[in-house]
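Topology and contacts: notes
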Amino acid sequence: MGPNTLLYLSRADVEAVGLDMESLLRLLEQAFLEYGAGRAEMPPKIGIHTQPDAFLHAMPAYIPSMGAAGLKWVGAYPENYTHGLPYITGMLMLNDTVTGLPLAIMDCTWITAQRTAAATLLSAVRLARPESSRVGVIGCGVQGRTNLQALCARFPIQHVTAYDINEEAARKYCAFVAQLMGIEARPAREPREAVEGCDIVITAGPIRKIADPVIQPGWLKPGAFASAVDFASCWSAEAVREVERLTTDDVRQFEAYRGLGYFSGLPLPYTGLAELISGAQPGRTGETERALAINLGLALEDLAVAPEVYRRALEKGLGTRLEL
């Protein structure tokens, strides 16, 4: 492509590049190792808020060794379902690291969903018991699906219990899991059924600054692992304080969010993903330890994936070339 053109990749184009979960894991592991070694730049997110519990965030990052520089502009609007629209929408710009010129603009919906699931799996392989087979899901939207699909890449998942405030969404989710993934699944009548007795729990509801907790102390069984991709919005502070291993993807960004009013009453995670991946901090150390990962979703993860999406799109002739 010439220096005065960029590549536009629609959501369909991004999905068509065929990036699988194992490739995503390798990309994210490399990015976190670079970040942990101080060889990546990622300032905290900044954003605007046009509605309660909705946000538009600017997420920049630079990973020199991966040729990755750019920014994701992403929105999360909890009421979008009433308009037939996804909760998460946005665009990602990838820039040339030498000239700064834009190389590509791509839809970020697929990348956001998949890299979030990959981060959950990176946490799970270090914090969950390897034999974990029973999964509970609260929130049966996109993240509920992608996180479960990611877990199946490394864990022998045999049974899923799913809860959603929309009963029809839970029924459709279970049908999807049973028919397309070949896993036994049943809808839960109340949130507790999707937590108690499960080896792994995924909570994937809307992100809220003021939590609307449904998960209470004593629900998460000893030895279980949970991933709260909803900023722990449905976890009571008492339930979070009960876990022995509380982690996040980046402690500094967790602290920055807490300064904005999120995570009220929650303890500070003991480590981030970079330290878990490098071995600088331990993961699970005992069979009965309960672990909870509150991964925030980082620009580092998006920019780890975007260059590979761009490279494969060029190879396959995908996208539309635009003049600058």
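In what follows, the structure referred to is the one given above.
Residues numbered from 1 in each chain as written. Predicted model: local features only at pLDDT ≥ 70, side-chain atom pairs only at ≥ 80, totals over all residues. Heavy atoms only, no water.

1. Some points on the overall build of the chain
In terms of regular secondary structure, the chain is built from nine helices and 14 strands. Radius of gyration (C-alpha) of the chain: 19 Å, near the 20 Å computed for a compact globule of 324 residues. Taking the principal axes of its C-alpha atoms as reference, the chain extends roughly 60 × 40 × 40 Å. Counting the 324 residues in the chain, one finds 55% classified as buried. At a minimum sequence separation of 6, the contacts of the chain that also span at least 24 residues come to 71%. Here the chain displays about 13700 Å² of accessible surface, and carbon together with sulfur accounts for 53% of that area. Across the chain, the centroid of the 29 positively charged side chains sits 2 Å from that of the 36 negatively charged ones. (Helix = DSSP H or I, 4+ residues; strand = E, 2+ residues; numbered from the N terminus. Rg over C-alpha atoms; globule rule 2.2 N^0.38 Å. Buried < 20%, exposed > 50% of the residue type's maximum accessible area, 1.4 Å probe, protein only. Contact = heavy atoms within 4.5 Å. Areas by Shrake-Rupley, 256 points an atom, 1.4 Å probe, with all protein chains shown as cover. Lys, Arg positive; Asp, Glu negative; His and termini not counted. Charge placed at Lys NZ, Arg CZ, Asp CG, Glu CD.)

2. Some points on the sheet that holds strand β13 (residues 291-294)
Taken in spatial order, the seven strands of this open sheet run β9-β8-β7-β10-β11-β13-β12, and their pairing is parallel. Whereas interior strands pair on both sides, the edge strands pair on one side only; in this sheet they are β9 (184-187) and β12 (245-248). The mean inter-strand angle of the sheet, taken between neighbouring strand axes irrespective of direction, is 15°. Where strand β8 (residues 159-163) meets β9, four bridges bridge the pair, whose relative direction is parallel. The partner of H159 across the bridge, within β9, is E184. Against the sheet, helix α3 (residues 109-127) makes contact with β10 (200-203), β11 (225-228), β12 and β13, and its axis sits at roughly 160° relative to β11, the strand it touches most. (Pairing = 2+ DSSP bridges. Axes fitted to C-alpha atoms, helices over the stretch in contact; angles between N-to-C directions.)

3. Thoughts on the sheet that holds strand β6 (residues 102-107)
With respect to topology, seven strands assemble into an open sheet ordered β2-β3-β4-β5-β6-β1-β14, the strand pairing being mixed. At either end of the open sheet lies a strand with only one pairing partner, and these are β2 (46-48) and β14 (320-323). Strand-to-strand, the axes of this sheet are offset by a mean angle of 20°, without reference to chain direction. In the sheet, β2 pairs with strand β3 (residues 55-63) via three bridges, with the strands oriented antiparallel. Residue pairing across strands places G47 opposite H57, the latter belonging to β3. On top of the sheet, α3 reaches β3, β4 (68-76), β5 (88-95) and β6; it is set at about 80° to β6, its chief contact.

4. Side note on the packing of aromatic side chains
By the definition in use, this model includes six aromatic pairs. Judged by centre distance (4.9 Å) and plane angle (85°), the rings of F231 and Y257 are edge-to-face. With F231 in the loop between β11 and α6 (237-242) and Y257 in helix α7 (residues 251-259), this pair connects stretches of sequence that are 26 residues apart. Summarising the burial analysis for this pair, F231 and Y257 share the class buried. Their ring planes at 90° and their centres at 5.3 Å tell us that Y257 and Y262 sit as a pair that is edge-to-face. Y262 matches Y257 in its accessibility class, with the two residues each being buried. Among the aromatic residues, those joined into a ring-pair cluster are F231, F254, Y257, Y262 and F263. Cation over ring: R145 sits above F176, and NZ or CZ is 4.2 Å from the ring centre. It is R245 that lies over the ring of Y270; its NZ or CZ is 4.9 Å from the centre. (Phe/Tyr/Trp six-rings, centres within 6.5 Å; stacked < 30°, edge-to-face > 60°. Lys NZ or Arg CZ within 6 Å of the ring centre and 35° of its normal.)

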